[in-house]
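This is what each chain is made of:
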Amino acid sequence: MEYIIKIKKDKKNLLTDKWVWSMAWKDARNNFSRLFLFISSIVIGIAALVAISSFNNNLQEDIDGQAKELLGADYVVHANTAIEPSFMARMDTLGIEIANTSSLASMAYFMTSTSGTRLVRVVAMKGNFPFYGELETSPDSAYKVMKENGAYAMVDSNLATQYDVSTGDSIKIGNITFQYAGEVKNIPGGGAVQASFTPSIYIPMEYLDSTGLVQYGSRVNHDIFLKTQTTKIAEDIADLLKNDVKKQGHTFETVESRKENLGEAFENLYRFFNLLAFVALILGCIGVASSVHIYVKEKRATVGVLRCIGASGWQVFNIFLIQTVSLGILGSFLGVILGLGLQYSIPAILGEFIPLDINVAISWVAVSQGMLVGIVIAILFSVLPLISVRFVPPLVVLRNAMESSRKVTKTMVLTISLIVIFPLTFAAFLTKSWAVGAMFFGGLLVAFGCLALFAKFLTFLVKRFFPHGWNFIWRQSLSNLFRPNNQTTVLVVVIGLGAFLVATLSLIQNSLLNQVEFVGNENQSNTILFDIQPHQVDGVIQLVSDNNLPINQVVPIVTTRLKSLRGKTIDIIQKDTSDNIPNWALTREYRVTYRDSLHQSEKLIEGTMQREVVNSGDTIFVTISEGLKETLELEIGDRVVFDVQGIPIITYIGGVRDVEWSNDPPNFIFVFPKGVLEPAPKIFVLTTKTTDKATAGVFQRELITAFPNVSAIDLNIILETLQTFFDKVAFVIRFMALFSIITGLVVLAGAVINSKYLRMKENVLLRTLGALKKQIVAMTLIEYGYLGFFAGLTGVGLSVISGWGLATFFFEVKFSPDYLSLLGVWGVVILLTMIVGWWNTRDVVNSSPLEILRREVL
């Protein structure tokens, strides 16, 4: 009686009531194994959030600290045409140190033990580049040897390894044979990803002309690097040269712009990884709510007893709230510790894709964020299921089946509002965009809603069309989907969402890979020869024929620039602020061709195609690709004047082509009719198809010997490189998605373990009625097989819709689903669900009826 009076006396103190805290500890101590699953639902999500946020903060600091070393200079001018002498003279008057590089694609012949040919990027260097950062070579003297000892070349390390290049070996580039000076391990502005696609060979600038590679039509990129005394001087130079650079169609970079560009380049990476962490947190929220909901249902008798001895509804509520908040703090702390450990693995995984040294350190901002979010989740998603304990009547002790009254309270309305606001706000915070956050949150809501509706619909169908004629085991397993206290909806949502995420990632990866997999088509080419001069065409065709290779295309290419659009010169358009045409589209060098028919990769979607101009005074109509027509804001009939080597040619837009750029290249933005550009200076491109590497190797060696300036693009090598690259990207994506998958498994395990206490009574009844242990095992496996089957089917089905949307509208590639991979994901989901379900209910299956009955009595 004294204890009851004590309760009544202190019950208004709520959270300050010592009795409440004492009861919270005693109850949690006796049920810690079940409440530990509550922690597990938080730990993985917080770990993902902290690891990614901490890595993000470290990377941003590294970008700010290493931008100058990555650029290699204070100011850089980039040009895809030869630098004008007047512009160079103005640069010389600045009185600062200058370095130059010129780069172009060319074939290289490696005279090594594993001799071979390869398309490379030849980089001619002049001056003391880099001014900042370090050009790492092996041996250390390689750069000095290349600059001072004549015809020596350095080779990217992966290229040197591939062809086993060593001291004493030679490399033939164009007309010159260079001695091997050493390998380049790292160079400012380069990186492992760039080296994978365009491995480079570095030579002295004074040998570039002697190679014979720079001829009419050769695409050479030029960079001018400037070193200034201060950042302020670099900014002043940027302002001084800005108009000249823009007018010439060049671009420039400063240290600040490099910081911004790197930040923007990694921003999408941050967003993607943050959203994966967000998904893990949302799954954790489901786990928290589900665990507390089931836990509260199991504690109804305990709540009834507490109410009988005088505890108020708020006191009982606070007992369980103290438990969840305390365990939420503990789970957040464990998640932070795990996340800080995981951040050390992220640089190792992403290092190949990041062109800077990553310094891993503890980010206290990320730690604080993780702790705060974990506690918010623990409180927010526990309160709603905990509210019901306030209305459990004392009479429940005598009538256990009695339901408590369900009241809509202010607390409940406020909690539901916050539950909706929290994910939306947090998604916007992670993505730094309300629009992106809202879209992601909306998409997630749609996925949740579809999965939940499907679960309800599944339950309805099972009830409505229950197969009474089935075997007992199959009937009982199916009926478990709609038994009292079933978790069909929660499990279908959790399992389905995991399947949805993994399958979507698989579909996007496959679509991106299939975008470049055009080599296998029998009617298409896999080898492209370019930079063929007019007097070399017959010889190259003869060489191709001598090697028994098909000649698929011989395409003339003329370089040109735009002189005016719709009667306005390019200079006027550049100055007109009302025009939205990007400068690069106005000043770039266009490579055009002429022909009298459409290529197989094109289709005319608007207007007509002029096949030939017969008389010199006839109007010339060109066709344009759909994409650039929108960029240049052109319509059918608009006048376009081209500058072809100083000669203006007046044309009109006659038609618009839809071009599949990856289909049997080369493809073109502008196509002229025949009878116009034949007299203009031109180069030719020839396409063919090699059947195997041996044939390709022999042909390319003969080609580089007979025509050193002609380069060959082997699309098979590009495809292999892309395949390797995408495999690595896919590994990174799947590694980060693992956070969400593990959280989903933890939530699944928690839901199953929490439900096993309800299953004990069911098993007692079944065993009492004569059911065998093996029958109960079979029913458990079949039930979870049903759940995995339907949840996986729904998740995979939704992934096809989301994958199509992302591929079509976001990545803008052709949607290419791999249905075999989807079946694999579906099968793995079913198997994992059955394994987790059986593993976490094995104690229930192995418990004897008498043991359970004794527990109930005690």
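Residues numbered from 1 in each chain as written. Predicted model: local features only at pLDDT ≥ 70, side-chain atom pairs only at ≥ 80, totals over all residues. Heavy atoms only, no water.

A. Spatial organisation of the overall build of the protein chain. Per the secondary structure count, the protein chain includes 26 helices and 21 strands. Relative to its 858 residues, the protein chain shows a buried fraction of 53%. Restricting to contacts in the protein chain with at least 6 residues of sequence separation, those with at least 24 account for 82%. When the accessible surface of the protein chain is summed, it comes to about 39,100 Å², and 60% of that surface belongs to carbon and sulfur atoms. (Helix = DSSP H or I, 4+ residues; strand = E, 2+ residues; numbered from the N terminus. Buried < 20%, exposed > 50% of the residue type's maximum accessible area, 1.4 Å probe, protein only. Contact = heavy atoms within 4.5 Å. Areas by Shrake-Rupley, 256 points an atom, 1.4 Å probe, with all protein chains shown as cover.)

B. Representation of a nonpolar patch on the surface within the structure. A grouping of Leu-330, Phe-333, Leu-334 and Ile-337 is seen on the molecular surface, where their side chains present a nonpolar patch of about 340 Å² in accessible area. With respect to the element layout, Ile-337 can be found in helix 11 (residues 313-342). (Patch = residues over 30% accessible without salt bridge, like charges linked within 9 Å, V, L, I, M, F, W, Y side chains within 5 Å. Salt bridge = Lys/Arg side-chain N within 4 Å of Asp/Glu carboxyl O.)

C. The pattern of salt bridges, seen in detail. The tally for this structure, following the rule as stated, stands at 8 salt bridges. Of the charged contacts, one joins Arg-657 and Glu-602 as a salt bridge, the two residues approaching to 2.6 Å between their closest N and O atoms. Of the two residues, Arg-657 is situated in strand 18 (residues 647-659) and Glu-602 in strand 15 (residues 602-607); the sequence distance between them amounts to 55 residues. One salt bridge connects Glu-606 with Lys-629, and the closest N-O pair in it is separated by 3.8 Å. Of this pair, Glu-606 sits in strand 15 while Lys-629 sits in helix 21 (residues 626-631), placing them 23 residues apart in sequence. Judged by its relative accessible area of 14%, Lys-629 falls in the buried class. Salt bridges linked by common partners bring Arg-595, Glu-602 and Arg-657 together as one network.

D. Structural context of the nonpolar core. Val-373, Ile-377, Phe-381, Phe-426 and Leu-497 are the most contacted members of the largest nonpolar core, which totals 62 residues. Broken down by element, the residue count for this core peaks at 11 residues, all from helix 9 (residues 255-298). Not counting residues up to four positions away in its chain, the partners in contact with Phe-381 are Cys-285, Val-288, Ala-289, Val-376, Ile-419 and Phe-422. In terms of nonpolar packing, the next biggest core, distinct from the first, is built from 32 residues, Leu-491, Met-779, Tyr-784 and Ala-807 among them. (Core = buried A, V, L, I, M, F, W, Y, C linked by side-chain atoms within 4.5 Å.)

E. Fine view of the packing of aromatic side chains. In the structure shown here, the tally under the stated rule is 16 aromatic pairs. Each ring, one from Phe-789 and one from Trp-826, has its centre 5.0 Å from the other, and the planes form 45°; the classification is tilted. You can see Phe-789 sitting in helix 24 (residues 773-810) and its partner Trp-826 sitting in helix 25 (residues 819-846), a full 37 residues away along the chain. A connected cluster of aromatic rings, assembled from ring pairs, spans Phe-381, Phe-422, Phe-426 and Phe-429. The ring of Tyr-143 has Lys-147 lying over it, and the distance from NZ or CZ to the ring centre is 4.5 Å. (Phe/Tyr/Trp six-rings, centres within 6.5 Å; stacked < 30°, edge-to-face > 60°. Lys NZ or Arg CZ within 6 Å of the ring centre and 35° of its normal.)

F. Inspection of the packing of helix 4 (residues 85-92) against helix 8 (residues 231-247) at higher detail. Here helix 4 crosses helix 8 at 175°, and the two axes come no closer than 12 Å. Taken as axis vectors, helix 4 and helix 8 run roughly antiparallel relative to one another. Here helix 4 contributes Phe-87, Arg-90 and Met-91 to the contact with helix 8, which in turn contributes Leu-240, Leu-241, Asp-244 and Val-245. Tallied by class, residues from the contact of helix 4 with helix 8 come to 5 nonpolar, no polar and 2 charged. (Axes fitted to C-alpha atoms, helices over the stretch in contact; angles between N-to-C directions. Parallel < 35°, antiparallel > 145°, perpendicular 65-115°, else oblique. Nonpolar A, V, L, I, M, F, W, Y, C, P; charged D, E, K, R; others polar.)

G. Looking closely at the environment of Lys-682. The topology assignment puts Lys-682 in the loop between strand 19 (670-672) and strand 20 (683-688). Taking the C-alpha atoms as reference, Lys-682 lies 7.3 Å from Gln-533; in sequence the two are 149 residues apart. Apart from residues no more than four positions distant in its own chain, Lys-682 is found in contact with Tyr-216, Pro-534, Pro-556, Ile-557, Val-558, Tyr-594 and Leu-677. Polar side-chain contacts of Lys-682 include one of 2.5 Å to the backbone oxygen of Glu-678. Only 3.0 Å separates the side chain of Lys-682 from the backbone oxygen of Ala-680, close enough to count as a polar contact. (Polar contact = N/O pair within 3.5 Å; in protein donor to acceptor, adjacent residues only side chain to side chain.)

H. Broad picture of the packing of helix 13 (residues 364-386) against helix 14 (residues 410-431). In contact at an axis separation of 9 Å, helix 13 and helix 14 are set at 150° when each is read in the N-to-C sense. As far as their axial angle goes, helix 14 and helix 13 are roughly antiparallel. Like other packed secondary-structure pairs, helix 13 and helix 14 cross with a definite hand, here left-handed. From helix 13, Gln-369, Val-373, Val-376, Ile-377, Leu-380, Phe-381, Val-383 and Leu-384 reach across to helix 14, where they touch Thr-411, Met-412, Thr-415, Ile-416, Leu-418, Ile-419, Phe-422, Phe-426, Phe-429 and Leu-430. When its residues are assigned to classes, the contact of helix 13 with helix 14 shows 15 nonpolar, 3 polar and no charged. (Left-handed = near helix turned anticlockwise from the far one by under 90°.)

I. Layout of the pairing of strand 5 (residues 152-156). Buried residues dominate strand 5, accounting for 4 of its 5 residues. Pairing of strand 5 with strand 7 (residues 176-186) involves 5 bridges; the strand directions are parallel. Opposite Asp-156, over in strand 7, you have Val-184 as the bridge partner. Note that strand 5 and strand 8 (residues 200-204) share 2 bridges and pair antiparallel. Its bridge partner being in strand 8, Val-155 is matched across the sheet by Ile-201. (Pairing = 2+ DSSP bridges.)

J. Up close: the pairing of strand 12 (residues 553-565). In terms of burial, strand 12 is largely enclosed, as 10 of its 13 residues are buried. Across 5 bridges, strand 12 lies against strand 20 in antiparallel orientation. Considered in strand 20, the bridge of Ile-557 is made with Ile-683. Judged from the 4 bridges that link them, strand 12 and strand 17 (residues 639-644) form a sheet pairing that is antiparallel.

K. The confidence of the model for the protein chain, seen in detail. Here the protein chain averages 80 in pLDDT, and 82% of its residues register 70 or above. Taken element by element, the protein chain is modelled with least confidence in helix 1 (residues 2-10), mean pLDDT 45, and with most confidence in strand 19, mean pLDDT 97. In this model, residues 1-12 is a region of pLDDT below 50 whose contacts with residues beyond four sequence positions or in other chains number 14 contacts. Note that residues 517-523 has pLDDT below 50 and, in this model, 15 contacts with residues that lie over four places away or in other chains. (pLDDT = per-residue confidence, 0-100.)

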